[in-house]
Every structure is written in C-alpha cells, then in structure tokens.
Amino acid sequence: MGKIIAFSNQKGGVGKTTTVINLAAYVAMWKRKVLIVDFDPQGNATSGFGVEKNNLEQTCYDVLMGDNQAKEVILPTMIDNLWILPSNSDLAGAEVDLVSVPSRERVLKHALEPIKDDYDYIFIDCPPSLGLLTLNALVASDSVIIPIQSEFFALEGVAQLLNTFKLVKQRLNPQISINGVVLTMCDMRTTLSKQVTAEIKKYFNDKIYTTPVPRNIKLVESPSFGVPVVLHAPHSSGALAYQALARQFIEREER
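None of the values given here were measured: they were computed from a predicted structure. (Residues numbered from 1 in each chain as written. Predicted model: local features only at pLDDT ≥ 70, side-chain atom pairs only at ≥ 80, totals over all residues. Heavy atoms only, no water.)

Caption draft 1: Inspection of the sheet that holds strand E3 (residues 75-76) at higher detail. Pairing is mixed across the open sheet formed by seven strands, whose spatial order is E3-E4-E2-E5-E1-E6-E7. With one partner strand each, in any of the chains shown, E3 and strand E7 (177-184) form the two edges of the open sheet. Relative to strand E6 (residues 143-149), strand E1 (residues 3-7) runs parallel, the two sharing three bridges. If you follow Phe-7 over to E6, its bridge partner there is Ile-145. Along the sheet, helix H8 (residues 158-171) makes contact with E6 and E7, crossing E6 at roughly 175°. (Pairing = 2+ DSSP bridges. Helix = DSSP H or I, 4+ residues; strand = E, 2+ residues; numbered from the N terminus. Contact = heavy atoms within 4.5 Å. Axes fitted to C-alpha atoms, helices over the stretch in contact; angles between N-to-C directions.)

The structure is reproduced here in structure tokens:
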C-alpha cells in the first residue's frame, strides 16, 4: 500500500519545495514509484520539472472540484518512476470554493484514494500557510515531513504547525504521524547555525534527519532549468545531501 506524506511548514522560504522535488527524484531513482502532488498555488513544484504551469488545461484544482479524476491530470516527469499532479494559481480559488463543500477537509483524501496504491509514495507539497489546503493535505496523509531552515526564526510558527497537527490527529486523522524534520540551508561553519540546529534537535529529538541540506547555489539554479539537481549538478553538495537524505528516508520508511 502506498504512503502519503505531506511536506509542510507555514513559514515560507524554508526549502520545502526544493526538498519535495529533489527527495522525490532520488527516491524514484531507487526504483520506488513516486507521485508529487503540487498543492501550492504558486506551482513551484510544477515549474521545477519544466512544466508550463500557466498553459495547463487541467490541474490539481480541477481534481479538487470534481471535474477530473486525479489519474487524468497526472503528468510524467523526466525522471523514471516519478510523476506530478500539477498546479497553478487556479488552486488559490479552492480555499473559497471548498468552504461550502460537505466534508471539505477530506476532499483531497477522497481524490487520492483511487490512486494511492499505484505508487510507493505520494509527496504533497503544501502551501506556506495553515489554511484549508494544508488541512486537506494533513487529513489525506499518513505522515508529515517538516523542512526547517537553520536560521534564527526557524522555530517561529512551528509551534502553530504542531498544534494544527495535534488537532488533526485528535479529530480528523488519528493515524497521522511526524515522519521527520529536515534541516535545510545549513551552514555549520557559523555559530548561529550550530546553535539553531541544537535547539531544533532539542525540540524534535530523534525525528531529525541526520543529513542536513547545505546552502548550495546549484539547488537554487536547478528550478530555472526545469530539472531536479540530480540532472543539473549531480556532484554538487546539495545533490549529495539529497541523495543521502533519500537513502535515510527509505531506510526509515521501509525498515
């Protein structure tokens, strides 16, 4: 049975989409079938695979509204075993359109149920907020991965995310768990980064993935080429970090 994992942090700019794209690419390269659900109206995961998001006829929005089945909208990527359910700015309207829908927090869950077992992993790239879209993602998921930037404001907002997670677990999705925390944009040469990392580790204990992702220009460049970093700069420090992270992810999930 496939596992659905939400990547969530209400703070923007923490490397969430970068983590989804590159972790998914490496997991797929290890012969696991992976689907990315781009659930962020910015559509960055979609454009990160070279898809012209503004030219799409069907997107994740159409799936949520019941106009299309998910399998009709899914697109292949340039990586074998990796597909994407694309998104664009239309998805922003879903926050309003879903308000009057019965069981509005379960719409994504129902949309993904027919295809869940077609994949080993479904990664949901959540928007940087705690609105109805993120709530749908958490209700649909088996677990959540939290990317956290190794900077001073890293833990700001995490308490809110964890409170939302707790409420979802209590009321809507008792099976959800925290898969882990990924430290992003790390520069362990600085005292501040070391201090913040130590605080995060105290907060999350063994949930921390031991492979931090460094600041790396190749990770920043690769979306502009419309490919994951493994195809843009496979020997860069960022690529090697996500390769190691994917190995640890698979070990954690499949041990």
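Caption draft 2: Structural view of the pattern of salt bridges. All told, the structure shown has seven salt bridges when counted by the stated rule. Here Lys-3 ties to Glu-253 by a salt bridge, and the two come within 2.8 Å at their closest N and O atoms. Within this pair, whereas Lys-3 is found in strand E1, its partner Glu-253 is found in helix H12 (residues 237-254), the two being separated by 250 residues in sequence. The partly exposed category is assigned to Lys-3, whose relative accessible area is 30%. Residue Glu-254 is joined to Arg-32 by a salt bridge in which the shortest nitrogen-to-oxygen separation is 2.6 Å. (Salt bridge = Lys/Arg side-chain N within 4 Å of Asp/Glu carboxyl O. Buried < 20%, exposed > 50% of the residue type's maximum accessible area, 1.4 Å probe, protein only.)

Caption draft 3: The pairing of strand E5 (residues 121-125), seen in detail. For E5, the tally of buried residues reaches five of five residues, placing the bulk of the element in the interior. Burial along E5 is two-sided: Tyr-121, Phe-123 and Asp-125 and Ile-122 and Ile-124, pointing in opposite directions, are all buried. Inspection of the sheet shows E1 paired to E5 by five bridges, in the parallel sense. What sits directly across from Ile-5, in E5, is Phe-123. Bridging between strand E2 (residues 34-38) and E5 involves five bridges; their strand directions are parallel. Residue Val-34 lies in a different strand from E5, and its bridge partner there is Tyr-121.

Caption draft 4: Representation of helix H9 (residues 191-204) in the model. Compared with an ideal rise of 1.5 Å per residue, which puts 14 residues at 20 Å, H9 spans 20 Å between its outermost C-alpha atoms and is within 8% of the ideal. Next to the buried residues of H9 lie E6, H8 and E7. In the stretch just after H9, Asn-205 is the one whose phi turns positive, near 55°. (Expected span 1.5 Å × (residues − 1).)

Caption draft 5: Structural detail: helix H7 (residues 132-140). With eight of nine residues buried, H7 lies mostly within the body of the structure. For H7, the full list of buried residues reads Leu-132, Leu-133, Thr-134, Asn-136, Ala-137, Leu-138, Val-139 and Ala-140.

Caption draft 6: Here's a closer look at unusual backbone geometry. Notably, Lys-31 is not glycine yet its phi reads approximately 65°, a positive angle. Within the element layout of this structure, Lys-31 appears in the loop between helix H1 (16-29) and E2.

Caption draft 7: Examining the packing of H1 against H12 more closely. For the pair H1 and H12, interaxial distance at closest approach is 9 Å and the crossing angle is 70°. It follows from the interaxial angle that H1 and H12 lie roughly perpendicular. Where H1 crosses over H12, the handedness of that crossing is right-handed. Each of Thr-18, Thr-19, Asn-22, Leu-23, Tyr-26 and Val-27 in H1 lies in contact with H12, whose residues at this interface are Ala-239, Tyr-242, Gln-243, Leu-245, Ala-246, Phe-249 and Ile-250. Classifying every residue of the contact of H1 with H12 by side-chain character gives nine nonpolar, four polar and no charged. (Parallel < 35°, antiparallel > 145°, perpendicular 65-115°, else oblique. Left-handed = near helix turned anticlockwise from the far one by under 90°. Nonpolar A, V, L, I, M, F, W, Y, C, P; charged D, E, K, R; others polar.)

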